[in-house]
Amino acid sequence: KQEVTQIPAALSVPEGENLVLNCSFTDSAIYNLQWFRQDPGKGLTSLLLIQSSQREQTSGRLNASLDKSSGRSTLYIAASQPGDSATYLCAVTSGTYKYIFGTGTRLKVLA
Amino acid sequence: KAGVTQTPRYLIKTRGQQVTLSCSPISGHRSVSWYQQTPGQGLQFLFEYFSETQRNKGNFPGRFSGRQFSNSRSEMNVSTLELGDSALYLCASSPTAGPNTGELFFGEGSRLTVL
């Protein structure tokens with residue numbers, strides 16, 4: 001059974017810092033991995049999608065990497081800003097299921 | 001291009017009642033999947049519909065059901081509501097069905113409170 005873990009559960013950093021969020025999954029047979037952000041009480045906003053044949057994707061200040069063999073993905077945020085404060089979720093697709101989500105990392109960027 | 005639209009955004013029901021939530025996917029997307037989000041369990045997959053057919057179902061009791069119409073709009077229904085059904089219900093759309101479906105786009109969710 002696929003399980004997705006995100007550590008740490010919460011993180012506070014000063015503005016301008018570069019940071020890395022971690023996502024681990026137990027079954028390396030995935031199709032896709034997607035990173036989302038969620039603001040309080042809102043839906044999920046797609047950040048980056050990495051297909052299983054890819055190793056990384058970049059969008060602006062965000063870079064996500066995927067290492068299927070070790071069951072890990074990282075989301076790198078450069079020069080963090082207060083507007084980056086949100087919960088970040090990773091999700092994978094494997095087996096017959098649509099995305100299986102991690103429990104998220106709650107990020108707070110301090111001005 | 002309009003995003004995923006969910007209605008209603010907020011609703012309050014009492015135990016034993018039933019509720020119907022609606023989701024309109026992004027134009028051209030034929031797959032709609034539903035998720036339940038609670039503080040204790042996180043985001044859990046409910047079911048996926050594609051071309052008016054349920055393609056997959058998560059581990060939820062039969063009180064949770066759904067359907068999809070020919071225009072790809074989807075509804076989910078929860079009967080005999082329990083306190084534990086209080087949650088944010090999120091709908092997501094994608095172009096195709098199945099696990100290798102590409103990017104998933106979410107709506108703002110329907111916040112259900114059961115009293």
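A quick note: this is a predicted structure, and the numbers were derived from the prediction, not measured. (Residues numbered from 1 in each chain as written. Chains lettered and ligands numbered in written order. Predicted model: local features only at pLDDT ≥ 70, side-chain atom pairs only at ≥ 80, totals over all residues. Heavy atoms only, no water.)

Asks: Describe the overall build of chain A, listing the residues and the values that go with them.
Replies: For chain A, the count of helices and strands is zero helices and 11 strands. Each helix and strand of chain A, placed in order from N terminus to C terminus, yields the pattern β-β-β-β-β-β-β-β-β-β-β. Against the globule reference of 13 Å for 111 residues, chain A gives a C-alpha radius of gyration of 13 Å, in line with a compact fold. C-alpha atoms of chain A, sized along the principal axes, occupy 40 × 25 × 20 Å. Put simply, of all contacts in chain A between residues at least 6 apart along the chain, 54% involve residues at least 24 apart. Put simply, chain A shows about 5200 Å² of open surface, and 49% of that area lies on carbon and sulfur atoms. (Helix = DSSP H or I, 4+ residues; strand = E, 2+ residues; numbered from the N terminus. Rg over C-alpha atoms; globule rule 2.2 N^0.38 Å. Contact = heavy atoms within 4.5 Å. Areas by Shrake-Rupley, 256 points an atom, 1.4 Å probe, with all protein chains shown as cover.)

Asks: Give me the lowdown on the interface of chain A and chain B, citing residues and values where you can.
Replies: Listed as interface residues are 19 residues of chain A and, on the opposing side, 28 residues of chain B. Where chain A abuts chain B, roughly 1800 Å² becomes buried across the two surfaces, and 54% of that area is made up of carbon and sulfur atoms. The interface formed by chain A and chain B holds zero salt bridges in total. Connecting chain A to chain B are five residue pairs in polar contact (both at pLDDT 80 or more). Broken down by element, the side of chain A that touches chain B gets its largest block of residues, five residues, from strand β4 (residues 30-38) of chain A. Residue classes in the side of chain A that touches chain B are distributed as eight nonpolar, nine polar and two charged. (Buried area = accessible area lost by both parts, 1.4 Å probe. Salt bridge = Lys/Arg side-chain N within 4 Å of Asp/Glu carboxyl O. Polar contact = N/O pair within 3.5 Å; in protein donor to acceptor, adjacent residues only side chain to side chain. Nonpolar A, V, L, I, M, F, W, Y, C, P; charged D, E, K, R; others polar.)

Asks: With reference to specific residues and values, describe the sheet that holds strand β6 (residues 56-59) of chain A.
Replies: Residue and element names in this part refer to chain A. Read across the open sheet, the five strands follow the order β1-β3-β8-β7-β6; overall the sheet is antiparallel. Each of the sheet's edge strands pairs with one partner strand only, and the pair in question is β1 (4-7) and β6. On average, each strand axis in the sheet is tilted by 15° relative to the strand beside it, whichever way the strands run. (Pairing = 2+ DSSP bridges. Axes fitted to C-alpha atoms, helices over the stretch in contact; angles between N-to-C directions.)

Asks: Before we move on, can you summarise the sheet that holds strand β3 (residues 19-24) of chain B with the specific residues and values?
Replies: Strand pairing in a sheet is mediated by backbone hydrogen bonds. Such pairs are either parallel or antiparallel. Residues and elements named next belong to chain B. Overall, antiparallel pairing links the four strands, which are arranged β1-β3-β8-β7 in an open sheet. Edge positions in the sheet fall to β1 (5-7) and β7 (64-68), since each has one partner strand and no second. When strand polarity is set aside, the average angle formed by the axes of neighbouring strands in this sheet is 20°. Examined bridge by bridge, β3 and strand β8 (residues 74-78) share five bridges and lie antiparallel to one another. What sits directly across from T20, in β8, is N77.

Asks: Quick rundown of the pattern of salt bridges? Include the residues and the values.
Replies: Taken as a whole and judged by the stated rule, the model has six salt bridges over all chains. As a salt-bridge pair, R37 of chain A and D39 of chain A come within 2.8 Å of each other at their nearest N and O atoms. What makes R37 of chain A buried here is its relative accessible area of 15%. A cluster of three or more residues bridged by salt bridges with shared partners is formed by R63, E82 and D85 of chain B. (Buried < 20%, exposed > 50% of the residue type's maximum accessible area, 1.4 Å probe, protein only.)

Asks: Can you tell me about the environment of L83 of chain B, naming the residues and giving the values?
Replies: Residue and element names in this part refer to chain B. Among the structural elements, L83 can be located in the loop between β8 and β9 (87-94). In the structure, L83 is positioned 56 residues away from S27 in sequence and 35 Å away in space, judged by C-alpha atoms. When residues no more than four places from it in sequence are discounted, the contact partners of L83 are R15, V114 and L115.

Asks: Describe the state of the cysteines, and please don't skip the residues or the numbers.
Replies: By the definition in use, this model includes two disulfides over all chains. Put simply, C23 of chain A and C90 of chain A are joined by a disulfide, and their sulfur atoms are 2.0 Å apart. For the disulfide bridge between C23 of chain A and C90 of chain A, the dihedral angle about the S-S bond is near 80°, and by the sign convention the bridge is right-handed. Of this pair, C23 of chain A sits in strand β3 (residues 19-25) while C90 of chain A is found in strand β9 (residues 86-94), placing the two residues 67 residues apart along the sequence. With respect to burial, C23 of chain A and C90 of chain A carry one shared label: buried. Residue pairing for C23 of chain B: its cysteine sulfur links by disulfide to C91 of chain B, the two sulfurs lying 1.7 Å apart. The chirality of the disulfide connecting C23 of chain B with C91 of chain B is left-handed, given an S-S dihedral of about -55°. Placement of the pair is C23 of chain B in strand β3 and C91 of chain B in strand β9, with a sequence separation of 68 residues. Taking the relative accessible area as the measure of exposure, C23 of chain B reaches 0% and is therefore buried. (Disulfide = S-S within 2.5 Å.)

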